[in-house]
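Structure at a glance
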Amino acid sequence: MKIALAADHGGFELKEAVKKHLIEDRHIEVLDLGTHSAESVDYPAYGHACGKAVVSGQADCGIVCCGTGIGISISANKVKGVRCALVCSDFAAEMTKRHNNANIIAFGGRTTTAEDAIRYTDLWLDAEYEGGRHARRVAMIEDVE
Ligand code: RB5
């Protein structure tokens with residue numbers, strides 16, 4: 001499995017913490033699309049880049065971070081085929097895989113601790129998409145793309 005990571009300056013530190021966890025604790029390959037410092041950059045470029053990496057198959061799924069997680073999740077969701085969820089709780093982290101089959105999750109570097117983001121990441125990665133009635137709803141999302 002390969003996970004694409006992208007962040008703006010507001011999410012840079014959180015991306016680095018999640019990346020370390022993925023590589024060192026879970027031995028998962030990552031595709032780090034930047035940014036690589038706390039210098040100010042524009043979050044849409046990073047959200048789009050992560051979305052494109054996932055829908056093109058360069059990565060299996062992705063994690064994006066900005067200050068709130070909002071701007072970069074909106075940006076990722078503009079890429080056809082992306083289902084990016086801004087995750088703020090254990091329950092949402094698990095359910096967005098089980099029900100929405102989210103292929104990207106987003107965190108806010110100014111709203112979410114590294115400890116929480118890492119736990120949310122694991123809950124999302126370890127959950128299974130349930131399909132069934134949820135597949136119809138996911139298809140309805142795709143219908144408007
Ligand atoms: C950057 O200052 C900030 O606007 C960005 O990281 C994010 O929070 C946008 O939604």
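Read on for an overview of the structure. Since this is a predicted model, take the numbers as computed values, not measurements.

What about the environment of Gly108?
Among the secondary structure elements, Gly108 is positioned in strand 5 (residues 104–108). Residue Gly108 is classed as buried on the basis of its relative accessible area of 1%. In sequence terms Gly108 and Val87 are 21 residues apart; their C-alpha atoms lie 8.7 Å from each other. Every residue in contact with Gly108, bar those within four places of it in the chain, is listed here: Leu14, Cys66, Gly67, Thr68 and Gly69.

Section: unusual backbone geometry
Of note, the amide linkage connecting Gly34 to Thr35 takes the cis form, showing an omega dihedral of 0°. Topologically, Thr35 is positioned in the loop between strand 2 (29–32) and helix 2 (43–55).

Here's the deal with the pairing of strand 3 (residues 61–66)
For a regular strand, the rule is simple: side chains alternate between the two faces of the sheet. The buried fraction of strand 3 is high, at 6 of 6 residues. Of the two faces of strand 3, the one carrying Cys61, Ile63 and Cys65 and the one carrying Gly62, Val64 and Cys66 are both buried. Summarising the sheet, strand 1 (residues 2–7) and strand 3 pair through 5 bridges and their orientation is parallel. The residue of strand 3 that forms the bridge with Ala7 is Cys65. Direction of pairing for strand 3 relative to strand 5: parallel, over a ladder of 5 bridges. By the bridge assignment, Val64 is partnered in strand 5 with Ala106.

Some thoughts on the packing of aromatic side chains
Under the counting rule described, the total for this entry stands at 1 aromatic pair. When the centroid spacing of 6.1 Å and the interplanar angle of 40° are considered together, the rings of Phe107 and Tyr120 count as tilted. Of this pair, Phe107 sits in strand 5 while Tyr120 sits in helix 5 (residues 114–126), and the two are 13 residues apart along the sequence. For the pair formed by Phe107 and Tyr120, the shared burial category is buried. The positively charged end of Lys97 is found above the aromatic ring belonging to Trp124, 5.4 Å away from the centroid.

Overview of the nonpolar core
Soluble globular proteins tend to pack their nonpolar side chains together in the buried interior. By size, the foremost hydrophobic cluster in this structure holds 21 residues, and its most contacted members are Ile3, Leu22, Ile63, Val87, Phe107, Trp124 and Leu125. Secondary-structure elements contributing two or more residues to this core are strand 1, helix 1 (12–25), strand 3, strand 5 and helix 5. Contacts of Leu22, omitting those with residues within four sequence positions, involve Ile3, Leu5, His27, Ile28, Val30, Ile63, Thr121 and Leu125. If you look at the next biggest cluster of nonpolar residues, it comprises 17 residues, including Ala6, Val54, Val64 and Ala106.

Regarding the site of the ligand
Taken together, the neighbourhood of the ligand is formed by Asp8, His9, Tyr43, Cys66, Gly67, Thr68, Gly71 and Arg110. In this structure, Gly71 approaches the ligand through a main-chain N or O atom, which is 2.9 Å from an oxygen atom. One of the side-chain nitrogen or oxygen atoms of Arg110 is found 3.4 Å away from an oxygen atom of the ligand. Within the complex, 71% of the 290 Å² of free accessible area of the ligand lies under protein. By residue class, the composition of the shell around the ligand is 2 nonpolar, 4 polar and 2 charged.

Thresholds, definitions, all that
- Residues numbered from 1 in each chain as written.
- Predicted model: local features only at pLDDT ≥ 70, side-chain atom pairs only at ≥ 80, totals over all residues.
- Heavy atoms only, no water.
- Helix = DSSP H or I, 4+ residues; strand = E, 2+ residues; numbered from the N terminus.
- Buried < 20%, exposed > 50% of the residue type's maximum accessible area, 1.4 Å probe, protein only.
- Contact = heavy atoms within 4.5 Å.
- Pairing = 2+ DSSP bridges.
- Phe/Tyr/Trp six-rings, centres within 6.5 Å; stacked < 30°, edge-to-face > 60°.
- Lys NZ or Arg CZ within 6 Å of the ring centre and 35° of its normal.
- Core = buried A, V, L, I, M, F, W, Y, C linked by side-chain atoms within 4.5 Å.
- Near = heavy atom within 4 Å.
- Polar contact = N/O pair within 3.5 Å; in protein donor to acceptor, adjacent residues only side chain to side chain.
- Areas by Shrake-Rupley, 256 points an atom, 1.4 Å probe, with all protein chains shown as cover.
- Nonpolar A, V, L, I, M, F, W, Y, C, P; charged D, E, K, R; others polar.

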